[in-house]
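Chain residues, written in single-letter form:
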Amino acid sequence: MLDPKLLRNESDLLAKRLATRGYQLDTSRLSELEASRKQVQVQTEELQSRRNKASKEIGQVKAAGGDIEPLKAEMGEVGELLKKNAAELEEIQAALLSMQLDIPNLPHESVPVGASEDENVEIRRWSEPRVLDFEPRDHVDLGEGLEQIDFAAAAKLSGARFVVMRGQIARLHRALTQFMLDLHTQEHGYQEVWAPAIVNAERLQGTGQLPKFGEDLFKLEGEHDRYLIPTAEVPLTNLVADSVLAMESLPLKFVAHTPCFRAEAGAAGKDTRGMIRQHQFDKVELVQVVHPDASYEALEALTGHAEAVLQKLELPYRVLALCTGDMGFAAAKTYDLEVWIPSQNRYREISSCSNCEDFQARRMLARYREGENKPQLLHTLNGSGLAVGRTLVALLENYQQADGSILLPDAIRPYMGGVDRIAKLPG
RNA sequence: GGAGAGGUGGCUGAGUGGUUGAAAGCGGCGGUCUUGAAAACCGUUAACCCGCAAGGGUUCGGGGGUUCGAAUCCCUCCCUCUCCGCCA
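Below is a summary of the structure that appears in this document. (Residues numbered from 1 in each chain as written. Chains lettered and ligands numbered in written order. Predicted model: local features only at pLDDT ≥ 70, side-chain atom pairs only at ≥ 80, totals over all residues. Heavy atoms only, no water.)

## Some thoughts on the sheet that holds strand E11 (residues 333-341)
Test applied: Here the rule is simple: two strands pair whenever DSSP picks up at least two bridges between them. In this description a helix means any DSSP run of H or I spanning at least four residues, a strand means any run of E spanning at least two, and both kinds are numbered starting from the N terminus. To get an axis, fit a line to the C-alpha atoms, keeping to the stretch in contact for a helix; angles then go from 0 to 180 degrees between the N-to-C directions.
The mixed open sheet is built from 8 strands, whose spatial order is E1-E10-E11-E12-E15-E9-E8-E4. Across the chains shown, the open sheet's two edge strands, defined by having one partner strand only, are strand E1 (121-126) and strand E4 (191-193). For this sheet, the mean angle separating the axes of adjacent strands, direction not counted, is 25 degrees. Relative to strand E9 (residues 280-290), strand E8 (residues 252-261) is paired through 10 bridges, and the arrangement is antiparallel. Bridging across to E9, proline 259 finds its partner in aspartate 282.

## Regarding the packing of helix H3 (residues 27-63) against helix H4 (residues 69-102)
We count it as follows: When describing relative orientation, an angle under 35 degrees is termed roughly parallel and one over 145 degrees roughly antiparallel, while 65 to 115 degrees is termed roughly perpendicular and anything else oblique. Crossing chirality is assigned from the near helix's rotation relative to the far helix, an anticlockwise turn below a right angle marking it left-handed and a clockwise turn marking it right-handed. In this count, Pro and Cys sit with the nonpolar residues alongside Ala, Val, Leu, Ile, Met, Phe, Trp and Tyr, while Asp, Glu, Lys and Arg are called charged and the others, Gly among them, polar.
Their axes nearest at 8 Å, the elements H3 and H4 cross at an angle of 150 degrees. As summarised for this structure, H3 and H4 are arranged roughly antiparallel, according to the angle between their axes. For the pair H3 and H4, the sense of crossing is left-handed. Class assignment of the residues belonging to the contact of H3 with H4 gives a composition of 18 nonpolar, 7 polar and 8 charged.

## Details of the pairing of strand E15 (residues 379-387)
In the case of a regular strand, side chains alternate between the two sheet surfaces. So the rule is basically this: Each residue is placed in one exposure class: buried if its accessible area under a 1.4 Å probe, protein chains only, is under 20% of its type's maximum, exposed if it is over 50%, and partly exposed if it falls in between.
By the criterion of burial, E15 is predominantly enclosed, with 9 of the 9 residues buried. Bridging between E9 and E15 involves 7 bridges; their strand directions are antiparallel. Bridge assignment links valine 287 to a residue of E15, and that residue is asparagine 382. One ladder, built from 3 bridges, connects strand E12 (residues 346-355) with E15; its direction is antiparallel. Within E15, the position partnered with asparagine 355 by the bridge is leucine 381.

## Remarks on the packing of aromatic side chains
Rules: Between rings of Phe, Tyr and Trp, where Trp is taken as its six-membered ring, a pair exists when centres lie within 6.5 Å; planes separated by under 30 degrees are stacked, by over 60 edge-to-face, and by other angles tilted. Any Lys NZ or Arg CZ found within 6 Å of a ring centre and within 35 degrees of that ring's normal is scored as a charge over the ring.
Applying the stated rule across the entire model yields 5 aromatic pairs. Seen from their ring centres, phenylalanine 179 and tyrosine 415 are 5.8 Å apart, and the 75 degrees between their planes marks the pair as edge-to-face. A residue pair is termed long-range when its members are at least 10 positions apart, and phenylalanine 179 in helix H7 (residues 167-186) and tyrosine 415 in the loop between strand E16 (406-407) and strand E17 (421-422) qualify at 236 residues. Judged by its relative accessible area of 26%, tyrosine 415 falls in the partly exposed class. Note that lysine 253 overlies the ring of tyrosine 190, its terminal NZ or CZ placed 5.0 Å from the centroid.

## A look at the environment of valine 113
Applied cut-off: Contacts between residues were defined by any pair of non-hydrogen atoms, one from each residue, lying within 4.5 Å.
Relative to the elements of secondary structure, valine 113 occurs in the loop between H4 and E1. Residues valine 113 and threonine 20 lie 93 residues apart in sequence; the distance between their C-alpha atoms is 6.3 Å. Setting aside its immediate chain neighbours within four residues, valine 113 contacts Thr20, Glu119, Cys323 and Thr324.

These results come straight from atomic positions and should not be treated as a statement about function.
Next comes the structure, spelled out in structure tokens:
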């Protein structure tokens, strides 16, 4: 959510900046609602004031043994009027709020202006794709050839966009999550968190998935407003919802491994082959909660923490600064990490690291206090460190050998019980 | 899932319809005293919204209702605790 004061007073400027990310702010409707809100609110509060005074008076008169009937009759009318006004005010405020919840974050001034992903800006590359003397196979062929990835079984169990892994590949998947968690807790200073994969609607509104993007989520049946998380960003960031943190406790750095669930409603026909886009996948997520002055420094650091995973696994990647038109709803600035995928002969997204500034903090009322000052909104950041399924895909494809086996990078071998190669299962 | 008890300010905890935004204690802050500290004593100490301000409004788990007036009464939802059942 944007600062309502800015929205009131600088709506033209905001409209201009929001337009760069393809959002059209309806400033006339906004100012209309704002004007009527002000008028009705002042009226309502006047009526409330009258009622409060009269009620006090009635109390006094009654205590003194006087006649309160005339006063009561008079207040009956005020009550009617107040009821009407309050209902109207509530309606206006609901409309205003729903409008505010719909507006994406403002892009930071350093974000390149552009309409689509084509205008993202490459910041740097790390390492070079291996040159193969054979035609690379994709992870589906590799995994099925090794008899350790099974999409047919997953389709039988659950439908499209699910996967079953077995044997050493299943183990590798687990090894990768352990490796990532250890790296971030031991070398990058994150606190390991285990959190629910089911959250309520209020928490999804806090991070920005709701109310606008409900169709991307799996909602649980039943009487409660609960959803499967699309990312651990939701539970991790919302840990600080409705709280006032002491300065000394900042920054908070959380890392968690969770399953992530996405309906992929708008992705029909996209990445239908393989494990790139699944309804369920595992992710190791990094979240930082920081002082506003420190958030851009933190974004660089957090991006570096995600990069470290790829560097240790010796997987070639590049870093993009997303342009205004390609950024997510809550982000003020985002770096994407893209890893080399040999079978596609291009880089594919494996991590997205964002500074949301106070956008999420305002929605979930997450604040800190400096000395005796009033509580101020925090800044929140999140990034994948990394998407485990996609890391597995990159590893299989980049380390494939001519015979279809997978030679494992040094960093992961201790997590594989010393195994250095994945080959076909015996028997 | 069944039965019961609860949810009040930073914390503990009073308060069952009327000058209660809320007693008291603790904690915090300021002061007196002291070489300094402790103790004691005195004072002070909620958040949010509208407004340039004066001021006004909202908030006693959430929502709804009754009433001139609700922390207090009614309905409903959520959460916590105890016991029972079931269970990884």
